[in-house]
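Spelled out from the first residue to the last, the chains are:
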Amino acid sequence: MTTVLDAPLHIEGICAPEFAEVREEFVKNFTSRNEIGAAVCVYKDGKKVVDLWGGYKDVDRTQPWEKDTIVIMNSIAKSMSALCVHILIDRGLVDFNAPVATYWPEFAQAGKEKVLVRHVLSHSCGVIYCDVAKAGDIFDYDTFIRVLEKQEPAWEPGTYGAYNSQNIGFLAGEIVRRVDGRTVGRFLREEVTDKIGAEYNIGLTPAEIARVSDMHKNPLNEFAQIASDPTSALYRAKRGSPDGYFQNMREIREKEVPSFGGHGNARGMARIYAALAGNGEIDGVRLLGKETVEQANTVVWEHDCIMTRRAMRMGYGFMHNETSTIPMGPNPKAFGHTGSGGAFTWCDRERNLSFAYCTNFQRQGPGIGVRGASLSVATAGGPRPDWLS
């Protein structure tokens, strides 16, 4: 399917000559891959070398995507919630190997007393469902925490892994709140994004909401198709989500929904991952120690995931390079995260390289989709998936 643009192509920003292919693919996304509005950013050796944005905020292509436009980046929020826990681990306030109930006693209900902090981070805790939740409970943080306290794990904690689509942000977030006293959104803002000047937050101010672009539906979005299949594990897992299309609801912007409710842009996310690529530091500001980053950069499980129905390699809060569906270049130790809307971010510590892409037009499958994947491959090189044209 080829898009015929009904408005002039609107692209701005910078691109270093050695990354010219990234700009070429960014343009191609608009001219032949149905892009509406998007941004891409790359950091190399702690310096911004690509910062492009373009297209439009609306499907009628009348409102340009501006430099400071932000958009929901969906499940990238999972990696940001995990990052907050890693910061507390780095500071010696959370024990990586401790039971979650050490910090959150009520969590020990329903057979969860053996769930460790590292099980939550690695999507291997088994608390992937929320069977007593009602539609929309995710918009009431405290209510959803009570739901998770009552939930039985789907398997013996630590024995299996599956993408924790709805719960992980809340599980990580409650560890943060119990230990630090701040909500995970506030902690992220004060300890990460404000500290290094990165445009990304979970729970927005009115001024930030005014800059949000709507997320536009894509009928070829495979994640949405799986979630609508009553026989799927993902369908069961999303019981606490609101009925209907929640991507543009007021609540997802105003409230803290730490599993998939973060908003930002490629520039902000690439900067956060540039700090991870730099072993926890950027521009003299340290978020994590090198040893903590190394621990986070560890693969825990890899197999076909029952939630996503595709191959996954999962670490402690981060997806790892899976070249057939979420390519991050030639280094198998590259790690990052995807969002079901199409956002995609990763870093390669060996090359001190980070990448981020965001869009307001949902991705199509498989994996991250052709638009995000084309930009990632142009940035990092490495194997090119057969489905990427």
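Rules used throughout
- Residues numbered from 1 in each chain as written.
- Predicted model: local features only at pLDDT ≥ 70, side-chain atom pairs only at ≥ 80, totals over all residues.
- Heavy atoms only, no water.
- Helix = DSSP H or I, 4+ residues; strand = E, 2+ residues; numbered from the N terminus.
- Rg over C-alpha atoms; globule rule 2.2 N^0.38 Å.
- Buried < 20%, exposed > 50% of the residue type's maximum accessible area, 1.4 Å probe, protein only.
- Polar contact = N/O pair within 3.5 Å; in protein donor to acceptor, adjacent residues only side chain to side chain.
- Pairing = 2+ DSSP bridges.
- Disulfide = S-S within 2.5 Å.
- Core = buried A, V, L, I, M, F, W, Y, C linked by side-chain atoms within 4.5 Å.
- Contact = heavy atoms within 4.5 Å.
- pLDDT = per-residue confidence, 0-100.
- Salt bridge = Lys/Arg side-chain N within 4 Å of Asp/Glu carboxyl O.
- Axes fitted to C-alpha atoms, helices over the stretch in contact; angles between N-to-C directions.
- Parallel < 35°, antiparallel > 145°, perpendicular 65-115°, else oblique.
- Left-handed = near helix turned anticlockwise from the far one by under 90°.
- Nonpolar A, V, L, I, M, F, W, Y, C, P; charged D, E, K, R; others polar.
- Phe/Tyr/Trp six-rings, centres within 6.5 Å; stacked < 30°, edge-to-face > 60°.
- Lys NZ or Arg CZ within 6 Å of the ring centre and 35° of its normal.

Explanation requested: the overall build of the chain in the structure shown.
When its secondary structure is counted, the chain shows 13 helices and 14 strands. Radius of gyration (C-alpha) of the chain: 19 Å, near the 21 Å computed for a compact globule of 389 residues. Summarising its shape, the C-alpha atoms of the chain cover approximately 55 × 45 × 40 Å along the three principal directions. Counting every position in the chain, which comprises 389 residues, the buried fraction comes to 63%.

Can you help me understand the environment of asparagine 34 in this one?
One can find asparagine 34 in the loop between helix H1 (20-32) and strand E2 (37-44). Residue classification places asparagine 34 among the buried positions, given a relative accessible area of 17%. For the pair formed by asparagine 34 and arginine 371, sequence separation is 337 residues and the distance between their alpha carbons is 8.9 Å.

Sorry if this is basic, but what is going on with the side chain of arginine 61 here?
Relative to the assigned elements, arginine 61 resides in the loop between strand E3 (47-55) and strand E4 (71-72). At a separation of 3.2 Å, a polar atom in the side chain of arginine 61 contacts the main-chain carbonyl oxygen of glutamate 35.

Would you explain the sheet that holds strand E5 (residues 200-202) in this entry?
The strands that make up a sheet pair up through hydrogen bonds in the backbone, lying either parallel or antiparallel. Read from one edge to the other, the open sheet built from three strands follows the order E4-E6-E5, with strand pairing classed as antiparallel. Either end of the sheet is taken by a strand with one partner, and the two such strands are E4 and E5. Where E4 meets strand E6 (residues 262-264), two bridges bridge the pair, whose relative direction is antiparallel. Considered in E6, the bridge of isoleucine 72 is made with histidine 263.

I keep staring at the state of the cysteines and nothing clicks. Help me out?
In a disulfide, the sulfur atoms of two cysteines are covalently bonded to one another. Scanning all chains against the criterion turns up zero disulfides. The thiol of cysteine 41 is not disulfide-bonded; the next cysteine sulfur, from cysteine 358, is found 9.8 Å away. Cysteine cysteine 125 is unpaired, with the sulfur of cysteine 130 as its nearest cysteine sulfur at 12 Å.

Can you help me understand the nonpolar core in this one?
Inside soluble globular proteins, nonpolar side chains tend to come together where they are buried. Core analysis: the biggest nonpolar cluster contains 80 residues, and Val117, Tyr200, Met269 and Ile272 have the highest contact counts within it. Those residues in contact with methionine 269 that sit more than four places away from it in its chain are Met73, Ile76, Met80, Tyr200, Thr345 and Ala356. Within the second largest apolar cluster, 45 residues are counted, among which are Ala227, Met319, Leu375 and Ala378.

Just to check I follow, could you spell out the confidence of the model for the chain for this structure?
Close inspection of predicted coordinates is inappropriate for parts of the model with low pLDDT. Taken residue by residue, the chain gives an average pLDDT of 95. The fraction at 70 or more is 98%. Within the model, the stretch residues 1-5 combines pLDDT values under 50 with 13 contacts to residues more than four positions away or in other chains.

Would you mind going over the pattern of salt bridges with me for this structure?
It is possible for side chains bearing opposite charge to pair when their charged atoms get close. Inspection of the entire model under this criterion finds 31 salt bridges. The salt bridge partner of arginine 178 is glutamate 149, with a shortest N-O separation of 3.8 Å. Of the two residues, arginine 178 is situated in helix H5 (residues 168-180) and glutamate 149 in helix H4 (residues 141-150); the sequence distance between them amounts to 29 residues. Relative accessible area serves as the criterion here: at 30%, arginine 178 is assigned to the partly exposed category. Overall, the relative accessible area of 4% leaves glutamate 149 in the buried class.

Help me understand the packing of H1 against helix H13 (residues 370-380), please; the structure alone is not making it clear to me.
Think of two packed helices as two axes; the pair is described by the angle between the axes and how far apart they sit. Between H1 and H13, whose axes approach to 8 Å, the crossing angle comes to 170°. Of the possible angle classes, the one that applies to H1 and H13 is roughly antiparallel. As H1 runs across H13, the sense of the crossing is right-handed. In contact with Glu21, Val22, Glu25, Phe26 and Asn29 of H1, H13 contributes Arg371, Ser374, Leu375, Ala378 and Thr379. Tallied by class, the residues present in the contact of H1 with H13 amount to four nonpolar, three polar and three charged.

Teacher, can you tell me more about the packing of aromatic side chains here?
The way to describe two aromatic rings as a pair is by their centre distance and the angle between their planes. On inspection of all chains with the given rule, the structure shows 12 aromatic pairs. Considering the side-chain rings of phenylalanine 26 and phenylalanine 30, the 5.3 Å spacing of their centres and the 85° angle between planes classify their relative orientation as edge-to-face. Of this pair, phenylalanine 26 and phenylalanine 30 both sit in helix H1, separated by four residues, roughly a single helical turn. Centre to centre, the rings of phenylalanine 344 and phenylalanine 355 are 5.8 Å apart; their planes meet at 70°, and the pair counts as edge-to-face. With phenylalanine 344 in strand E13 (residues 344-348) and phenylalanine 355 in strand E14 (residues 353-359), this pair connects stretches of sequence that are 11 residues apart. With relative accessibility at 0%, the residue phenylalanine 355 sits in the buried group. Feature note: the residues Tyr141, Phe144 and Phe170 constitute an aromatic cluster, connected by ring pairs. The ring of phenylalanine 107 has lysine 112 sitting right over it, with the charged end atom 5.0 Å from the ring centre. Taking the ring centre of tyrosine 129 as reference, the NZ or CZ of arginine 236 above it sits at 3.7 Å.

Explanation requested: the pairing of E3 in the structure shown.
Working note: regular strand, side chains alternate between the two faces of the sheet. E3 sits mainly inside the fold: seven of its nine residues count as buried. In the sheet, strand E1 (residues 11-15) pairs with E3 via five bridges, with the strands oriented antiparallel. Considered in E3, the bridge of isoleucine 14 is made with aspartate 51. Inspection of the sheet shows E2 paired to E3 by eight bridges, in the antiparallel sense. Bridge pairing links tyrosine 43 to lysine 48 in E3.

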